Amino acid sequence: VTQYETAARCHVGTVRKVNEDAILAAPQAGLWAVADGMGGHMGGAHASRAVTEALARIGGGELSQRAAAVRQAIAAVNAELTDYGRRFDPPRTVGATVVVLLADGERFICVWAGDSRAYRLRDGGLTQLTRDHSLVQQLVESGLISSAQSENHPDGHIITRAVGADPQIELESIEGDWLPGDTFLLCSDGLSRVVSPTVLVMAMSAPELEPSAAHLIDTTLECGAPDNVSFLLVRAASGSRNATCST
Ligand SMILES: [Mn+2]
């Protein structure tokens, strides 16, 4: 059985009064998640917690079965949150982005909706595994703006998919190898908008994840942290030993 190391932070940031992000680390189950809530008046915090609590109840089994269970759990929360939002007058969206990472020691599956992200660092190279479900990403993909123009775009915060936003949730997923020494990062946009990819690479390549997480949250807060900041750094324990020996 593969053992995993996780170091995580979920911080309100320096500006917001409420932390509407929620995280889940269940390394013994090979499951990690970040949810970023929206909806105001505690709605966002309720939504993100509903997502992580539902995911925390996912049982064991094959990777593909667990991915199906994740999709089911998120669909159930989606139904609950769309119903909850409709009961306000006027109706409002009470929802959350979500990114989930599942692992079985050799493979991973990442499932997501919205602009919370997953990255993988392998041999010093950073790959963004997810693509944002956002208006700006749509503009980039349709060739209307360049990816450089997408940074600091005024509509950068507008997301096009979220749990609770529509009666039918459309989740995207990606599957791949988890090699010894790979390091994964899940994060809310409060991290990815504030620090550069170079900072992410430094955090993910550190031999020890816990001091690295401490340093990463400090750096993000020093950069202003206008939004809630959440992230999980994840590595297979044997992989971390290999990585330490090879440097
Ligand atoms: Mn956010």
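You'll find the structure just up there.
So, how was this worked out
- Residues numbered from 1 in each chain as written.
- Predicted model: local features only at pLDDT ≥ 70, side-chain atom pairs only at ≥ 80, totals over all residues.
- Heavy atoms only, no water.
- Donors = N, O, S within 2.8 Å, 3.2 Å for Na, K, Ca; no water.
- Helix = DSSP H or I, 4+ residues; strand = E, 2+ residues; numbered from the N terminus.
- Pairing = 2+ DSSP bridges.
- Axes fitted to C-alpha atoms, helices over the stretch in contact; angles between N-to-C directions.
- Contact = heavy atoms within 4.5 Å.
- Core = buried A, V, L, I, M, F, W, Y, C linked by side-chain atoms within 4.5 Å.
- Buried < 20%, exposed > 50% of the residue type's maximum accessible area, 1.4 Å probe, protein only.
- Phe/Tyr/Trp six-rings, centres within 6.5 Å; stacked < 30°, edge-to-face > 60°.
- Lys NZ or Arg CZ within 6 Å of the ring centre and 35° of its normal.

**Some remarks on the coordination of the manganese ion**
Within the protein, the atoms that donate to the manganese ion are D36 (OD), D189 (OD) and D227 (OD), at distances of 2.1 to 2.2 Å. Coordination of the manganese ion draws on donor residues from a single chain, spaced D-x152-D-x37-D in sequence. With D36 in strand β3 (residues 31–38) and D227 in the loop between α7 (209–222) and β10 (229–236), this pair connects stretches of sequence that are 191 residues apart.

**Some remarks on the sheet that holds strand β9 (residues 183–187)**
Pairing in this open sheet of five strands is antiparallel, and the strands run β1-β10-β9-β6-β7 from one edge to the other. Each edge of the sheet is formed by a strand with only one pairing partner; in this case those strands are β1 (4–11) and β7 (125–128). Strand-to-strand twist of the sheet, defined as the mean angle between neighbouring strand axes without regard to direction, takes the value 15°. The pairing of strand β6 (residues 117–122) with β7 spans four bridges and is classified as antiparallel. Pairing of Y119 across the sheet is with Q128, part of β7. Seen against the sheet, helix α6 (residues 197–205) touches β6, β7, β9 and β10 and runs at an angle of roughly 60° to β6.

**Quick look at the nonpolar core**
With 29 residues, the main nonpolar core has L31, L55, V70, I74, V98 and V100 as its most contacted residues. When residues of this core are assigned to their parent elements, the largest contribution, seven residues, is made by helix α2 (residues 63–86). Residues in contact with V98, not counting those within four places in the same chain, are V34, A35, V51, L55, I74, V111, W112, A113, S116, V163 and L171. Counting 18 residues, the second-largest nonpolar core is a separate cluster that includes M204, A225, V229 and L233.

**A word on the environment of A165**
Looking at the element boundaries, A165 is found in the loop between α4 (147–150) and β8 (172–177). Spatially, the C-alpha atom of A165 lies 9.8 Å from that of M38, the residues being 127 residues apart in sequence. Residues within four places of A165 in sequence aside, it is in contact with N78, T82 and T93.

**Comments concerning the sheet that holds β3**
Spatially, β2-β3-β4-β5-β8 is the arrangement adopted by the five strands of the open sheet, whose pairing is antiparallel. Each end of this open sheet is capped by a strand with a single partner; those strands are β2 (21–26) and β8. In this sheet, adjacent strand axes meet at a mean angle of 10° when their direction is disregarded. Note that strand β5 (residues 107–113) and β8 share six bridges and pair antiparallel. Pairing of F108 across the sheet is with G176, part of β8. Helix α1 (residues 43–56) rests against β2, β3 and β4 (95–103) of the sheet, and its axis sits at about 160° to β3.

**Observations concerning the environment of T130**
Position of T130 among the secondary structure elements: in the loop between β7 and α3 (135–141). Since its relative accessible area comes to 4%, T130 is described here as buried. In the structure, T130 is positioned 14 residues away from S116 in sequence and 8.3 Å away in space, judged by C-alpha atoms. Beyond its immediate sequence surroundings of up to four residues, T130 is in contact with V99, C110, W112, S116, R117 and A118.

**Things to note about the packing of aromatic side chains**
Where two aromatic rings form a pair, the distance of their centres and the angle of their planes describe that pair. Inspection of every chain in the model, using the stated rule, returns six aromatic pairs. Between Y4 and W32, the aromatic rings sit 5.0 Å apart at their centres with planes inclined by 80°, giving edge-to-face as the arrangement. Residue Y4 is found in strand β1, and its partner W32 is found in strand β3; the two are separated by 28 residues along the sequence. Taken as a pair, Y4 and W32 share a single burial class, namely buried. The rings of Y4, W32, F108, W178 and F184 are connected pair by pair, giving a single aromatic cluster. Positioned above the aromatic ring of F88, the side-chain terminus of R92 is 4.1 Å from the ring centre.

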